[in-house]
Each structure stands twice: as C-alpha cells, then as structure tokens.
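# Structural description and commentary
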Amino acid sequence: MPLTDEKAALLAKKAAEIRLSIIESLIEAKSGHTAGPLGMADIFTYLYFHALKHDPKNPSWEYRDRLVLSNGHICPVLYATMAHAGYFPIKELMTLRKLHSRLQGHPHRDFLPMLETSSGPLGSGLSQTVGMAIADRIDSGRTSSRRFYCMMSDGELDAGNSWEGAMLAGKEKLHSLTAIIDRNNIQIDGFTEDIMPLDPLADKWRSWNWHVIECNGHDFRDIDRAVTETWAVFDKPTVIIAYTIPSKGIPEFERKFEWHGKPPGTPEEIETALRALKAIRTMGGKVESTRP
Amino acid sequence: MLNPDLKLNPKLFDADVEQVPIRKGFGQGLLIAGDSDKNVVGLCADLTESTQMEAFKKKYPERFVEIGVAEQNLATVASGMAAMGKIPFMSSYATFSPGRNWEQIRTTAAYNNRPVKIAGSHAGVSVGPDGGTHQALEDMAIMRALPRMVVISPCDSIEARKATIAAAKTKDPTYIRLAREKTPVMTTDETPFEIGKARLAFIPAGGKKAEVGIIATGALLYKALMAAKRLESEGKMVAVMNLSTIKPLDEKAIIDLSNEAKALVTVEEHQIAGGMGSAVAELLASHHPTPIEFIGVRDLFGQSGKPDELIELYGMGESHIYQAVQRVLIRK
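Residues numbered from 1 in each chain as written. Chains lettered and ligands numbered in written order. Predicted model: local features only at pLDDT ≥ 70, side-chain atom pairs only at ≥ 80, totals over all residues.

## Description of the overall build of chain B
Put simply, the test is: In DSSP terms, a helix is any run of H or I states spanning at least four residues, a strand is any run of E spanning at least two, and both are numbered starting from the N terminus. Radius of gyration: over C-alpha atoms. The globule rule applied is 2.2 Å multiplied by the number of residues raised to the 0.38 power. Note on contacts: each residue gets a C-beta atom placed from the backbone, and two residues are in contact if those atoms are within 7 Å.
For chain B, the helix and strand inventory stands at eleven helices and 14 strands. Its C-alpha atoms give chain B a radius of gyration of 19 Å, within 12% of the compact-globule value 20 Å for 332 residues. Based on the C-alpha atoms only, the size of chain B along its principal axes is roughly 60 × 40 × 35 Å. The long-range fraction of contacts in chain B, counting pairs at least 24 apart against all pairs at least 6 apart in sequence, stands at 80%.

## Considerations on the overall build of chain A
Quick note on the threshold: Here exposure depends only on C-beta density: within 10 Å of a residue's C-beta, 20 or more other C-beta atoms make it buried, 12 or fewer make it exposed, and intermediate numbers make it partly exposed, the C-beta atoms being placed from the backbone.
The helix and strand tally for chain A stands at ten helices and seven strands. The C-alpha radius of gyration of chain A comes to 18 Å, within 12% of the 19 Å expected for a compact globule of 292 residues. Judged by the C-alpha coordinates and their principal axes, chain A covers about 50 × 45 × 40 Å. Within the span of chain A, comprising 292 residues, buried residues form 51% of the whole. Sequence separation of at least 24 residues holds for 76% of the intrachain contacts in chain A that already meet a minimum separation of 6.

## A word on the nonpolar core
Keep this limit in mind: To form a nonpolar core, buried Ala, Val, Leu, Ile, Met, Phe, Trp, Tyr and Cys residues must be joined through C-beta atoms within 7 Å. Boundaries between domains were set according to an automatic or database domain assignment.
B:I214, B:A224 and B:V240 are the most contacted members of the largest nonpolar core, which totals 192 residues. Per element, the largest residue contribution to this core is eight residues, and it comes from helix α1 (residues 5-29) of chain A. In this structure, this core is formed jointly by two domains, domain 1 (4-16 + 192-331) and domain 2 (19-184) of chain B, each of which donates at least three residues. Discounting chain neighbours no more than four positions away, the residues touching B:V240 are B:L200, B:A201, B:F202, B:I214, B:A216, B:A224, B:L225 and B:A228.

## Some details on the domain arrangement of chain B
All names here are of chain B. For the record, the criterion: Under the grouping applied here, Gly and all other residues not named as nonpolar or charged are polar, the nonpolar ones being Ala, Val, Leu, Ile, Met, Phe, Trp, Tyr, Cys and Pro and the charged ones Asp, Glu, Lys and Arg.
What the domain assignment lists for chain B is domain 1 (4-16 + 192-331) and domain 2 (19-184). Domain 1 and domain 2 are separated by 25 Å when their C-alpha centres are compared. Contacts between domain 1 and domain 2 engage 32 residues on the former and 33 residues on the latter. At the level of elements, α7 (221-233), β12 (245-247), β13 (264-271), α9 (276-287) and α10 (307-313) are the ones that each hand at least two residues to the side of domain 1 that touches domain 2. Its residues assigned to classes, the side of domain 1 that touches domain 2 comprises 16 nonpolar, 13 polar and three charged.

## Brief notes about the pairing of strand β11 (residues 238-242) of chain B
All names here are of chain B. Put simply, the rule reads: At least two bridges found by DSSP between two strands are what make those strands a pair. Viewed with both strands pointing away, a crossover whose connecting path from the first strand over the helix to the second turns clockwise is right-handed.
Most of β11 sits inside the fold, with five of its five residues counted as buried. Alignment of strand β9 (residues 199-202) against β11, held across three bridges, turns out to be antiparallel. What sits directly across from R199, in β11, is N242. Following the chain from strand β10 (residues 212-216) across α7 to the adjacent parallel β11, one finds a crossover that is right-handed.

## Notes on unusual backbone geometry
A cis amide bond, omega 5°, links A:D199 with the succeeding residue A:P200. Tracing the sequence through the fold places A:P200 in the loop between α7 (192-195) and α8 (201-207). The phi dihedral of A:R255 falls on the positive side, at around 70°, and the residue is not glycine. On the secondary structure map, A:R255 appears in the loop between β7 (238-243) and α10 (267-281). Residue classification places A:R255 among the partly exposed residues on the basis of 16 C-beta atoms within 10 Å. The backbone of B:D46 sits at a positive phi, close to 65°, despite the residue not being glycine. By the element assignment, B:D46 lies in the loop between β2 (40-44) and α2 (54-59). The class for B:D46 is partly exposed, based on 15 C-beta atoms found within 10 Å.

## Details of the sheet that holds strand β6 (residues 211-216) of chain A
Backbone-to-backbone hydrogen bonds pair the strands of a sheet. The strands run either parallel or antiparallel. All names here are of chain A. Formally: Axis definition: a line fit to C-alpha positions, over the contact stretch in the case of helices; interaxial angles, taken between N-to-C directions, run 0 to 180 degrees.
The strand order across the open sheet formed by five strands is β1-β2-β3-β7-β6, and the pairing between neighbours is parallel. Looking at the sheet topology across the chains shown, the edges are occupied by β1 (66-69) and β6. Across the sheet, the mean angle from the axis of one strand to that of its neighbour is 20°, orientation sign disregarded. Sheet topology places strand β2 (residues 148-153) next to strand β3 (residues 177-183); six bridges connect them, and they run parallel. If you follow M151 over to β3, its bridge partner there is I180.

## Quick look at the interface of chain B and chain A
With 23 residues of chain B at the interface, the matching set in chain A holds 24 residues. Broken down by secondary-structure element, the contributors of at least two residues to the side of chain B that touches chain A are α3 (71-83) and α4 (102-111) of chain B. The biggest single contributor to the side of chain B that touches chain A is α3(B), with nine residues. Here the side of chain B that touches chain A is composed, by residue class, of nine nonpolar, ten polar and four charged.

## Structural notes on the packing of helix α6 (residues 160-172) of chain A against α3(B)
Worth spelling out the cut-off: In what follows, roughly perpendicular refers to angles from 65 to 115 degrees, roughly parallel to angles under 35, roughly antiparallel to angles over 145, and oblique to any angle outside these ranges. Helix crossings are classified by the rotation of the near helix relative to the far one: an anticlockwise turn of less than a right angle makes the crossing left-handed, while a clockwise turn makes it right-handed.
Relative orientation of the contacting elements α6(A) and α3(B) amounts to 70°, with a least axis distance of 9 Å. The orientation of α6(A) with respect to α3(B), classified from their angle, is roughly perpendicular. Both α6(A) and α3(B) take part in a crossing whose hand is right-handed. Contacts from A:G160, A:N161, A:E164, A:G165 and A:L168 of α6(A) reach α3(B) at B:Q72, B:N73, B:T76 and B:V77. Grouping the amino acids of the contact of α6(A) with α3(B) by side-chain chemistry returns two nonpolar, six polar and one charged.

## So, the pairing of β1(A)
All names here are of chain A. Here β1 shows a buried face lined by R66 and V68 and a second buried face lined by L67 and L69. Across four bridges, β1 lies against β2 in parallel orientation. The partner of L67 across the bridge, within β2, is Y149.

## Describing helix α5 (residues 125-140) of chain A
Think of an α-helix as 3.6 residues a turn; residues three or four steps apart then line up on the same face. Residues and elements named next belong to chain A. Using the following cut-off: By this rule, a helix spans an expected 1.5 Å times one less than how many residues it contains.
With 16 residues, α5 extends 22 Å between its outermost C-alpha atoms, agreeing within 8% with the 22 Å of an ideal straight helix rising 1.5 Å per residue. Here α5 lies mainly inside the structure; 13 of its 16 residues are buried. Downstream of α5 by one or two residues, G141 has phi in the positive range, about 80°.

This is how it looks when you write it as structure tokens:
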C-alpha cells in the first residue's frame, strides 16, 4: 500500500506517542536503555503501522511476517510499538523491568510468548532469522509471501555470529530476509568507529552477496522507499543501513553515547526528556494527540 | 549376572563382541526420525560424514543445511528453524558444539524453549589421536547446568539410535553425547529405552541384595560390566546401572540403588567436576548420603594416544573401577 502524505503524517504522530511511552516506561523502570529505542522509534512505527503483515489480536497467525529483535536491549521501543499497535495495554508499559512483568529488561518469550525470540546477548538475531527464512522456504518454496525482518544494531556487528549469519544468508539467497541496521554510530564504550571500525559497512554486506540499501531512519518516505525496494529483490537478502540519531527526540541527549544504557534519572533529566517529547507529540501544541 | 529383563547382547562378555561407533547409531536414528516426521531437519558444521549425518543429507537434501565451520551459527540457525515448527538436529564435535556455542544454545534454544536437538560427537578421551582439543570432557557439565536441557549419554550405537528417535518426538531442547571410536554393542533392539529412565544392566544372582552399586554412563558401561563380572566371580554382590539420561535424573532408581547397596561408584568419560557423578552426588547428598567413589577425568585435559591407552592413563579402565569398588566398600 502506498505511503500517502496523510499516512506519513499519521506515522509521525504515532512515532511521537511511542517515543513518549518509551521514555515514560524508562523513567518508571529507573533503568534501561534510552538512545537506541528513541533512535529506532520511526522505523518500528513504520513497520508495525504500515509495512508488516500481522494481526495484534492473533499474534500467532501462521502467515504473519516475522520481526526479530536482535539487539534486545532496545526492547522499550518494541514493547511501546507493540502496545500502541494493540498487542497489549499501553499502561502495561509502566511494568517494564519490574518483578513478574511480561516486559523483561531484555525480551523473554517465556514471559511474552508473542515475541518471535528472546534476545539480549548480541549478534545472534540475524542467524535465527536466517533459520526462520530457510525453514519457510522448505515449507513454502521461493515464492513464499512471508517476510522476515531482523532488527540489528551497528555495535553488535562486532560479534562474529552476525557475520556467520550474513554469510549463510548470502549463500542461501534468502530474498525474504531483510536485516535493518540501526546505524547510530554509538555503543556502550563510545563511538563505533573508535571501538571497532565498521566502515565501509555497505561494502562488507555487498561482499557477502547482499543487496544493500541506505536510508534516513527518521524520514518515513525514505524508510518506505527502502523497505518497498526489498520486496522487489529476488534471490538475494537485503540489508537496510538506516542512519539514525541516538536519543532522537530529546536534543539534549542526541548523539551522546552516554545515553546508550541509562534512563533519565535526575529530576532535571526527566524534565528535559518529557518536555522535549511532549513538545514533539503535539508539535508544540499545534496538533492533537493520536492516543486513544 | 546380566539383568535378563534388559535383553542385553548375549555375546557381551565374549572377546569378539561386536563393536560399532556410538555416533553411527545417531546417524541411523536421524534417518528413521526423518522418515517419520517431515519437520525433522539436519544442520551440520562441516563434519557431515564424521558426525554421521551423511545418510540424512543424501536422502533429504532439501531438509539439510550445511552451515560451514561456524558453530554459533549452527545453534542459532537451528533455533530459528525450530521457531518455524522444525525439529532441528545439529551436529558437530562436542568440544565445538556445545563447547563454542554454549551461550547461543542457552539463549536461543533453552531460554527460548525451542526443540533444538544437539548431537555432540567425539566426546571423551577415547577420541584418541586427535588429542585434547578434540576430546570433550566438560560437555555434560555445561549442558546439565542449563534449565530445560535434557542430557543423554547413550552407552552404545543401538541406544544412540533409540535416543535420537525418542528425542525427535519431544519438545525439549536435548543434548545427545556421542563417541567416535568403535565400542562394544551391549544392548539389543529389544532392550527397553526411555528418556529419563535408568536401568540395572547387571544384578546379583539369585535375587540377592547388592552390596555395591556401579552407576555408569556412555561406553564405559562396558568397563563397568567387565569389572562387575570379575567382582561377581570373587563373590561380591554387584549391581551396575546404565544411567543414559543425565538430566532429568531417574531419582527413584538412583535412590533405590543407593538404599540397597549403601556404597556407589560412578563411571563416566568426563571431568569428575560437574558430570554425571556430580549429579548423582547432588541428589544423594540431599536424600540419602552415601559413600561414592568417582571414576572420571581428574581436572586434566586429554592428549593423543590410542583410545584404550588413554582410558587407562586417565584412570577409567576396568581395573580402576574394580579398585574403586574396593575403596568404597571400606568406607561403608
């Protein structure tokens, strides 16, 4: 379905709602990761509210697309997006990281079976998604309608397991598989190119026989261009290198790797975060909230 | 005497007892499991022939994935296939899988609760000339520590075949420990096998009570039976248990044997630390404290040599089991 101007505007509003939910849940949890979830909010919003074939009321629907979160630590964006999409009540987001919560600090299928996988240890999501796509091809052939999306971080590309999965996907020519890399240039200890250089990143993927698309991870039109292009690729897996701004939405936190693994904690930080995100949500008070 | 109920190989104590590699039974079992369930798939890390997956690969090429030398990928791809309803059997040498990919098995198979079946071949010093890097001696310890993981260590090729077929029918993540070299075939097609069930392979004659129990797992069951035969000839009342499922433990069978014999020897081709003997000791320390002598590798790595030379060098031969029985009887 084409992305109309109206739909793009709706997605922008939805993403603002989701960002606010992310930060509210993190503030309540008093621990968790800020930068990645905010940076990926636009892409998650686009996928869940426009591109994915899925049914929040029937999460185990056999023919759904699979979205695997490899870098489990950004789960606040997965949880918030799923809640806004109708998988579970939005108010449940305030249980994040608490005892007996379905919303574990890193995703765990025991607690939330509607997740495609549990994750946390980095570098293992891509090859699980590769396994899913291979299994689907065994059952449904090369023209299967299911698509398999693996959400990855750039930092986890330090892990060899990521590249093992990439090599196998290239060998198996899995065109139903799309890896989406959050290219935000930060990881816990600093900037990725200081910790372990990844560039030239696109060339690395091309050399494993992947189709490579680069896009602006905050522009719904560009995200749409990238994702719809993957649907037209045959006999090759596709990677979307999505350039994003860590902590997008809170200017004071943006691009700073210090916000990789902590929530707003001091009263000043909390106020800064909420003020910025509420301003985005209402476009400075000019638009209505989409929240029901 | 051999327990007649188990219908063991009548030629078990003959010098020319048939010898077959345990891993071969895995290959046969995988083929049978694949015949009866189209969701059974195979994955291998560049050791297809050695881990006996070749026959499955030839018969079902579309259900076989060659992963290459990448054991972390082996586990995670298998888990992804399981997420789509497959029953993946993944095989490599046990030092590499579950050695190298233990965290991937933990998170994506056990924590995720996926029915991934892990065949770890070339376990124990009996791998022989390849040397210590290829002789898995810690695999049972690391696997039995994982919640949900079922751990099976078959005693021979026939039991390995049955274990593989049985594992394909459960939803549990499962580790099956296999050995490289030819070892005596002790069981028969008629010998009962059930995951989680321990059975006495050797019992005192005339319905008498055992004064010592030997609990063995894997191919060393044969050495334990040989030691038991010698002890029997000297008038000792000995029972030998084949403990092929290390997890979940057949607690009742072990406690019953411990109650009867009040002295035990455990026998495994594995580090003493964390292995089958440890599992038995953990159980009995809580329920029925019993003197135990442990036969296994004592905090050492293996080395090159002939399998039998290495079994003797590392203190796991028939004479070592015999001596351990003497020691534990003094402690009663």
